[in-house]
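One-letter residues, chain by chain:
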Amino acid sequence: MAPYLGPQEPSSAVTLERYFLATDYVSGIGYGAQGVLYITCVLFLWRQRKMQHTYTLMLAYMTLLFLISSIAQVAQAHRTQLVFVENRNFPGGAWVYYEQSLGGVVSMVGLAANMGLLFLTELFMVLWRCWVVWFSIGRNAAYLVIVLPLLMLIVALTTGILFLFTLAHPASRIGGSRTLAWGSAYYTLMFSSNIVVTTLIIARLIAHRRRIQTSLALTHAEAYTSLITMAIESAALFSIIGLACLITYGVGSPVNAPFVSASISAQQISGYLLIVRLAHGQTWQKDPSMHVRAGVELKTSTADSQLGSDQWTAVLGQY
């Protein structure tokens, strides 16, 4: 009979190690998808940078996000190497080493990078999209709508910093009461703010769809308010994964780690997809020349441009 060559740690610790390793794979796949979309968006923005100065700012912003994402990915890869290669014989196993090294430089850099990435993306991409979508009603209304999610985001950043300080303490554990309390508060506020913004954007898109259905063919209305459009414009993918992340973290499930990694990638991918829609002239704009007099903003796609001038005159005349 062949000797047993498996791990000597308890099955619960081995399960945690499996999910920790799965997190590395999820992170790598997400980073690869971000890389492809980043190059696609850079090529578009670079060609169009002289047409609008905002494209140059957007290019710089996206490059900053990708650099932070790269730092987080390097930290994640190095941390996996430390856990499973450099310290494979650590007393108690890989997971014990991981918990005891949470306050290390590599772990802190990776966690801080991911936290900053989520905050910057949420603040300047998702929240900004909400402001743009509601701007057609009025500037004051747009600012009023984003007050609550903005406050939630600021409080989330504060609790996130406290979460990092707690993890940096030598005696801290990822499942400790203080760590769990600050972590739960951070994830709850971060993902809740995104869910609130997602709901606001989708509500505005649905209202927009009802307005244009009376003037445009149903196919044109669907082109701008389909489920895919709503998901991209509102970053709903991040909200869905974030909800799963919040639930698994609250119950202490080890599957939480891959969900955290997937949520970060989903947030970035949603932003890149928004730029891709911009490249195809399908994203929502606040430019007054792109919406009808009722304040419903609409940027025509290639199919829409095939409508004759008489048809468009008739459409706009109804407002």
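Now for a look at the structure at hand. (Residues numbered from 1 in each chain as written. Predicted model: local features only at pLDDT ≥ 70, side-chain atom pairs only at ≥ 80, totals over all residues. Heavy atoms only, no water.)

1. Thoughts on the side chain of S265
Note that S265 resides in helix α10 (residues 256-279). With sequence-adjacent residues up to four places away left out, S265 is seen in contact with G30, Y31 and Q34. (Helix = DSSP H or I, 4+ residues; strand = E, 2+ residues; numbered from the N terminus. Contact = heavy atoms within 4.5 Å.)

2. What to know about the nonpolar core
L45, M62, C130, Y272 and I275 are the most contacted members of the largest nonpolar core, which totals 61 residues. For this core, the elements supplying multiple residues, two or more each, are α1 (11-48), α2 (53-86), α3 (94-100), α4 (105-134), α5 (139-168), α6 (177-213), α9 (236-250) and α10. Top element by residues in this core is α4. It accounts for 15 residues. (Core = buried A, V, L, I, M, F, W, Y, C linked by side-chain atoms within 4.5 Å. Buried < 20%, exposed > 50% of the residue type's maximum accessible area, 1.4 Å probe, protein only.)

3. Some points on α4
Between its terminal C-alpha atoms α4 stretches 42 Å, which fits the 44 Å expected from 30 residues at 1.5 Å a residue. Maximal helix bending in α4 amounts to about 35°, located at E122. (Expected span 1.5 Å × (residues − 1). Bend = angle between axes of the 7 residues up to and from the residue.)

4. Quick notes on the packing of α4 against α5
Running from N to C, α4 and α5 point in directions that differ by 175°, and their axes come no closer than 9 Å. Taken together, the axis directions place α4 and α5 in an arrangement best described as roughly antiparallel. Here the residues of the contact of α4 with α5 are counted per class, giving 23 nonpolar, 1 polar and 2 charged. (Axes fitted to C-alpha atoms, helices over the stretch in contact; angles between N-to-C directions. Parallel < 35°, antiparallel > 145°, perpendicular 65-115°, else oblique. Nonpolar A, V, L, I, M, F, W, Y, C, P; charged D, E, K, R; others polar.)

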